[in-house]
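Residue-level structural notes
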Amino acid sequence: MVKKAVIPAAGLGTRFLPATKVQPKEMLPIIDTPTIQYVVQEAVDAGIEDILVITGKGKRAIEDHFDRNFELENHLEDKGSEAAYAEIRRLADMANIHFIRQKEMNGLGDAIAQARWHTGSDPFVVLLGDTVMKSVIPVTRQLIDIYEQYQCSILGVETVPKEKVSRYGILGGNKISEHIMEVTELIEKPDPKEAPSNFAVAARYILTPEIYKAIAETPRGKNNEIQITDALKILMQREKIIAYKFEGKRYDIGNKLDYLKTTIEFAMERKEFSKPLMKFIKTLSGKRSKS
Ligand code: UTP
């Protein structure tokens, strides 16, 4: 059974400067909820009981967000703000959340390596802390179900248009069904002509403990960092890896344009915002098309 989750959230978020100079990218709110809270909620909804967040320098706000805040709780209680009080209390009790620091920013592979003493000999799910999923069944739950069937590492994938494969880590291998592939190839940002498929690695993984040995053997790659994709290539030589095309939509808030789009899409689904926001956007686009 997969009972543990690892959420890497130590990255510098350089694509989102200056907002991320002192503020963790993973705390950027989608309307009123920090991105990482959606990620933790997905793990909890999937039945995960133990979460390890990989943090780093300047990421204290993440720890504080999931901790008790007695001053705020008392204030909300005194004011009679019951709903806000309940939400603030719920946050501190969401799951058993632990934190560990990645001391140097050596890439995602190195961030995941920090979890080895915590996960030990158990398989674990990795959820990137800057990527939110919207789905009927939590994407993490879907991956766990596939793990239970195959008992090996599972890579969550999405299909991307052929002309955009050069932006992603693309997988190749033997298709078992429309949604499942046994992976034999992993190519980082391939030329569309050379891409073995349009299956792109997408921010959720289940990894077996063998990954730690593979990471330890992985030389520094792109950006002089330990890339998880390079470690997966080593793991692929030793163990079966399955790619699973999950049902759901991925929202990467790590770049500014996608963050804006995500915020608008999520706001459109909230009753209190959808109408006034739509009206505002229409007025705005009307003004722009006239000018
Ligand atoms: P990204 O590559 O998107 O994050 O990693 P980044 O390095 O912070 O981004 P830019 O390019 O500088 O803007 C995806 C996730 O992995 C974490 C990040 O915090 C993010 O949630 N990460 C990345 C780590 O925990 N450690 C690392 O060394 C790199």
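My aim in this report is to walk through the structure given alongside it, one point at a time.

**Focus on the site of the ligand**
- The full set close to the ligand counts 19 residues, and Gly13, Thr14, Arg15, Glu26 and Gln102 are the nearest of them.
- Residue alanine 10 places a main-chain N or O atom 2.9 Å away from an oxygen atom belonging to the ligand.
- Within the contact set of the ligand, an oxygen atom lies 2.7 Å away from a backbone nitrogen or oxygen of glycine 13.
- Alone, the ligand offers 570 Å² of accessible surface; in the complex the protein occludes 83% of this.

**Describing the pairing of strand S12 (residues 241-245)**
- Extensive coverage of S12 is indicated by the burial of 4 of its 5 residues.
- Pairing geometry for strand S8 (residues 153-159) and S12, over 5 bridges, is parallel. The residue bridging glycine 156 from the neighbouring strand is tyrosine 244, located in S12.
- In this structure, strand S10 (residues 180-188) lies alongside S12, joined through 3 bridges in antiparallel fashion.

**A short note on the nonpolar core**
- Residues Ile36, Ile51, Ile154, Leu171, Tyr205, Ile211 and Leu232 are the most contacted members of the largest nonpolar core, which totals 70 residues.
- Setting aside its immediate chain neighbours within four residues, isoleucine 154 contacts Leu143, Ile146, Tyr147, Arg204, Tyr205, Ile206, Ile242 and Tyr244.
- Ranked by size, the runner-up nonpolar core spans 8 residues in total, among them Phe16, Leu28, Ile30 and Tyr251.

What counts and what doesn't
- Residues numbered from 1 in each chain as written.
- Predicted model: local features only at pLDDT ≥ 70, side-chain atom pairs only at ≥ 80, totals over all residues.
- Heavy atoms only, no water.
- Near = heavy atom within 4 Å.
- Polar contact = N/O pair within 3.5 Å; in protein donor to acceptor, adjacent residues only side chain to side chain.
- Areas by Shrake-Rupley, 256 points an atom, 1.4 Å probe, with all protein chains shown as cover.
- Buried < 20%, exposed > 50% of the residue type's maximum accessible area, 1.4 Å probe, protein only.
- Helix = DSSP H or I, 4+ residues; strand = E, 2+ residues; numbered from the N terminus.
- Pairing = 2+ DSSP bridges.
- Core = buried A, V, L, I, M, F, W, Y, C linked by side-chain atoms within 4.5 Å.
- Contact = heavy atoms within 4.5 Å.

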